[in-house]
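Read off the chains here:
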Amino acid sequence: MASTFDDSKSDLMEQAERRFAANVGQDSWSIRQKLALTCRALFDRGHDSGLAGQITARAEAPGTYYTQRLGLGFDEITQDNLLLVDEDLNVLQGEGMANPANRFHSWIYRVRPDVQCIVHTHPFHVAALSMLETPLVISHMDTTPLYDDCAFLPTWPGVPVGNEEGEIISQALGDKKAILLAHHGQIVAGASVEEACSLAVLIERAAALQLAAMAAGTIKELPERLAREAHDWTLLPNRSVANFAYYARRALAGHPDAIT
């Protein structure tokens, strides 16, 4: 006999969150493996742009992080060819060099201790929206993890290889989970690799939806209270873990060489 039909929405959400915690466990992948799987998952979703873009994650030692080797595309990244670098981009482990644009990652990590993984890419719809110098608009339930959590840098500071760009980008990002960079692309600053991967998938979908909606008419705003509720609900850590597990399974099916 059903016993929950008189429960409030908040009660049902609390029950569901407890069940999520009990049924969605952490995986056994290493940080390197998660990064490699993220690269492959995002490649499959149109985030590749030649050799542009970087994906990094904090490593075990303070002031160090993992990143891909300059010269390799996202579809070529494996757990074994990732580099370990310091904040000055000196390679501590691995062969080759890091992308000089990783400098702004160092700036973000330095000012945002909550950030564990950064995804910077130039996917098609994000890049197209950035050309309009228009902020990202969240107006669909699926993309509410980014509601009021995506900053906007309206001016292009040039190729982001200097400390000036690192300071500008990290300040513009502020305490948000993501930022749209005019005439450039997007950055996601996640509390975990799983969260960063999930939000990177979503920001490209949000940009595609926005461009389609703008072409058809005027985008309507979400009710703020409900949008914030949806943001907090869909950004629960266990949901990011579940999302990432799905993306990882798909990536492994198409790219079994990502994990060695």
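From a predicted model like this one, the values you see are computed outputs, not experimental measurements.

About the cut-offs
- Residues numbered from 1 in each chain as written.
- Predicted model: local features only at pLDDT ≥ 70, side-chain atom pairs only at ≥ 80, totals over all residues.
- Heavy atoms only, no water.
- Helix = DSSP H or I, 4+ residues; strand = E, 2+ residues; numbered from the N terminus.
- Rg over C-alpha atoms; globule rule 2.2 N^0.38 Å.
- Buried < 20%, exposed > 50% of the residue type's maximum accessible area, 1.4 Å probe, protein only.
- Contact = heavy atoms within 4.5 Å.
- Areas by Shrake-Rupley, 256 points an atom, 1.4 Å probe, with all protein chains shown as cover.
- Pairing = 2+ DSSP bridges.
- Axes fitted to C-alpha atoms, helices over the stretch in contact; angles between N-to-C directions.
- Lys, Arg positive; Asp, Glu negative; His and termini not counted.
- Salt bridge = Lys/Arg side-chain N within 4 Å of Asp/Glu carboxyl O.
- Polar contact = N/O pair within 3.5 Å; in protein donor to acceptor, adjacent residues only side chain to side chain.
- Parallel < 35°, antiparallel > 145°, perpendicular 65-115°, else oblique.
- Nonpolar A, V, L, I, M, F, W, Y, C, P; charged D, E, K, R; others polar.
- Patch = residues over 30% accessible without salt bridge, like charges linked within 9 Å, V, L, I, M, F, W, Y side chains within 5 Å.
- Arc of directions from axis to C-beta.

What follows is about the overall build of the chain. Helix and strand content of the chain: eight helices and eight strands. Since a compact globule built from 260 residues should have a radius of gyration of about 18 Å, the 19 Å found for the chain is in line with a globular shape. In terms of its C-alpha atoms, the chain occupies a principal-axis envelope of roughly 65 × 40 × 35 Å. Out of the 260 residues belonging to the chain, those deemed buried represent 46%. Intrachain contacts of the chain at a sequence separation of at least 6 include 69% that bridge at least 24 residues. With an accessible surface of roughly 12500 Å², the chain has 54% of that area assigned to carbon and sulfur atoms.

Let us now look at the sheet that holds strand 2 (residues 64–67). Pairing is mixed in the open sheet, where eight strands are placed in the order 4-3-2-1-5-8-7-6. If you trace the sheet from one side to the other, it starts and ends with strand 4 (91–93) and strand 6 (150–153), each paired once. In this sheet, neighbouring strand axes are inclined to one another by 25° on average, regardless of whether the strands run parallel or antiparallel. Here strand 2 runs beside strand 3 (residues 83–86); their pairing, made up of four bridges, is antiparallel. Bridge pairing links tyrosine 65 to valine 85 in strand 3. Helix-sheet contacts for helix 5 (residues 163–173) involve strand 6, strand 7 (178–181) and strand 8 (185–190), and the interaxial angle to strand 6 is about 140°.

Let us look at the side chain of glutamate 165. Considering the arrangement of structural elements, one finds glutamate 165 in helix 5. This buried residue, glutamate 165, is left without a salt bridge; arginine 103 holds the nearest opposite charge, at 7.7 Å. Apart from residues no more than four positions distant in its own chain, glutamate 165 is found in contact with Pro157, Gly158, Val159 and Pro160.

Relative to the helices and strands, alanine 206 is located in helix 6 (residues 193–216). A sequence separation of 62 residues divides alanine 206 from threonine 144, and the C-alpha atoms of the two residues are 9.2 Å apart. Setting aside residues no more than four positions away along its own chain, alanine 206 makes contact with Leu136, Ile138 and Thr143.

A separate point is the side chain of glutamine 79. For glutamine 79, the position within the fold is in the loop between strand 2 and strand 3. Under the relative-accessibility criterion, glutamine 79 is labelled buried at 12%. Reaching out from glutamine 79, the side chain makes a polar contact with the side chain of glutamine 33 at a distance of 3.2 Å. Among all residues touching glutamine 79, those that are not within four sequence positions of it are Arg32, Gln33, Ala36, Ala258, Ile259 and Thr260.

Here we come to the packing of helix 2 (residues 31–44) against helix 8 (residues 237–254). Interhelical geometry of helix 2 versus helix 8 gives an angle of 75° and a closest axis separation of 9 Å. It follows that helix 2 is roughly perpendicular to helix 8 by the angle criterion. Across the interface between the two elements, Lys34, Leu37, Thr38, Arg40, Ala41 and Asp44 of helix 2 pack against Phe244, Tyr247, Ala248, Ala251 and Leu252 of helix 8. Counted by class, the contact of helix 2 with helix 8 contains seven nonpolar, one polar and three charged residues.

Further remarks concern a nonpolar patch on the surface. A cluster of nonpolar residues, Trp156, Val159 and Val161, forms a patch on the protein surface that exposes about 310 Å² of accessible area. Along the chain, valine 161 falls in the loop between strand 6 and helix 5. Looking at valine 161, the relative accessible area reads 41%, which means it is partly exposed.

Turning to the pairing of strand 2, a few remarks are in order. Alternating positions in strand 2 separate into two faces, Thr64 and Tyr66 on one and Tyr65 and Thr67 on the other, with burial throughout. Two strands pair when backbone bridges link them, and strand 1 (residues 54–58) and strand 2 are joined in this way by three bridges, in the antiparallel orientation. Across the sheet, residue arginine 58 finds its bridge partner in strand 2, namely tyrosine 65. Taken together, strand 1 and the strand that follows it, strand 2, pair antiparallel across an intervening segment of five residues, in which glycine 63 is found at a positive phi of about 75°.

Okay, helix 7 (residues 224–234) next. Inspection of helix 7 places Ala227, Ala230, His231 and Thr234 among the buried residues, and these make up the whole buried set. Buried residues of helix 7 fall within an arc of 105° about the axis and therefore sit on the same side. In this structure, the buried side of helix 7 is in contact with helix 8.

Here we take up the pattern of salt bridges. Pairs can form between side chains of opposite charge once their charged atoms are near each other. Evaluation of the coordinates by the stated rule reveals ten salt bridges. With a closest N to O distance of 2.8 Å, lysine 34 and glutamate 194 form a salt bridge. With lysine 34 in helix 2 and glutamate 194 in helix 6, this pair connects stretches of sequence that are 160 residues apart. On the accessibility criterion, lysine 34 (12% relative accessible area) is buried. Looking at glutamate 194, the relative accessible area reads 4%, which means it is buried.

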